[in-house]
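One letter stands for each residue in the lines below.
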Amino acid sequence: MKIHSVKFIKSAREPLHYPPGDLPEVAFAGRSNVGKSSLINNLVQRKGVARTGRTPGTTQLINFFTVNDRYSFSDLPGYGFAKVPEAIRKDWGPMVESYLRERKNLKLVILLLDIRREPSEDDLRLRQWLDQYHVPHHAVLTKADKLSHSQGIARQGNLRQTLGIPAGNEPLLFSAKTGAGRQMLWQQIERCCLETPIR
Ligand code: GDP
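Definitions and limits used
- Residues numbered from 1 in each chain as written.
- Predicted model: local features only at pLDDT ≥ 70, side-chain atom pairs only at ≥ 80, totals over all residues.
- Heavy atoms only, no water.
- Near = heavy atom within 4 Å.
- Polar contact = N/O pair within 3.5 Å; in protein donor to acceptor, adjacent residues only side chain to side chain.
- Areas by Shrake-Rupley, 256 points an atom, 1.4 Å probe, with all protein chains shown as cover.
- Nonpolar A, V, L, I, M, F, W, Y, C, P; charged D, E, K, R; others polar.
- Helix = DSSP H or I, 4+ residues; strand = E, 2+ residues; numbered from the N terminus.
- Contact = heavy atoms within 4.5 Å.
- Axes fitted to C-alpha atoms, helices over the stretch in contact; angles between N-to-C directions.
- Parallel < 35°, antiparallel > 145°, perpendicular 65-115°, else oblique.

Digging into the site of the ligand
Then comes step 1: For the ligand, the set of nearby residues contains 15 residues, the closest of which are Lys36, Ser37, Ser38, Asp145 and Ala176.
Then comes step 2: Here Ser38 contributes a side-chain N or O atom positioned 2.6 Å from an oxygen atom of the ligand.
Then comes step 3: Within the side chain of Asp145, one N or O atom sits 2.7 Å away from a nitrogen atom of the ligand.
Then comes step 4: Notes on the ligand: free accessible area 580 Å², of which the protein chains cover 73%.
Then comes step 5: Among the residues forming the shell around the ligand, the class breakdown is two nonpolar, eight polar and five charged.

Overview of the environment of Lys36
Then comes step 1: Examined against the element boundaries, Lys36 turns out to sit in helix 1 (residues 36–44).
Then comes step 2: Through-space distance from the C-alpha of Lys36 to that of Arg101 is 21 Å; in sequence the pair is 65 residues apart.
Then comes step 3: Excluding its chain neighbours within four sequence positions, the residues that come into contact with Lys36 are Phe28, Ala29, Gly30, Asp75, Leu76, Pro77, Gly78 and Leu112.
Then comes step 4: Reaching out from Lys36, the side chain makes a polar contact with the side chain of Asp75 at a distance of 2.5 Å.

Observations regarding the packing of helix 1 against helix 5 (residues 182–195)
Then comes step 1: In the contact formed by helix 1 and helix 5, the axes pass within 10 Å of each other and the chain directions differ by 80°. Classed by the angle they form, the pair helix 1 and helix 5 counts as roughly perpendicular. Between helix 1, through Leu39, Asn42 and Leu43, and helix 5, the contact on the second element is made entirely by Arg182, Leu185, Trp186 and Ile189.
Then comes step 2: Its residues assigned to classes, the contact of helix 1 with helix 5 comprises five nonpolar, one polar and one charged.

Just distances and angles here, no functional claims.
So this is what it looks like as structure tokens:
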């Protein structure tokens, strides 16, 4: 995918403040430190679109931006960081849930998991929730460069099973460091954005 433009639109918490949903939207979700910012920056080939390495758990807004004036991306706040105050942590569920339920132009949720870690309760809960509400989603295993190719393939199978994902819908292996998986992820995004009608 050739990137011509990446435009930050706004940050929002409430549906009322979301930007107009006139482009197909892809949302990115995962626990803090999973490599979400690095993946987004790699996908759009810009360094600072999603800010990497900030104190985990401090971003509690949904960040919207457009890519090539053709896709809308939404960067959901990372979850599961132990030091986040309880009040903020409690905020995450309702905020993200109303986004996922109400966003009519949402075509795909990219659910990020660290290839070396076991999914957390939050990861499993989110994946089940997406399934239950029929929100199209695809798992992506980040930091794939940290394992050998064969180890990566083995993890892909194990994590698919742990997450309860049907065979044939394998999580994608991705590395922001090497760019591995970038093209396949873009193909997946394009497919979902072109095929599924706006809800
Ligand atoms: P976020 O909190 O989910 O947005 O995670 P970040 O993108 O800020 O990444 C968290 C840490 O993981 C940083 O130290 C990154 O350098 C590192 N990281 C992210 N992606 C990769 C990757 O593909 N490979 C490796 N080796 N490290 C990564």
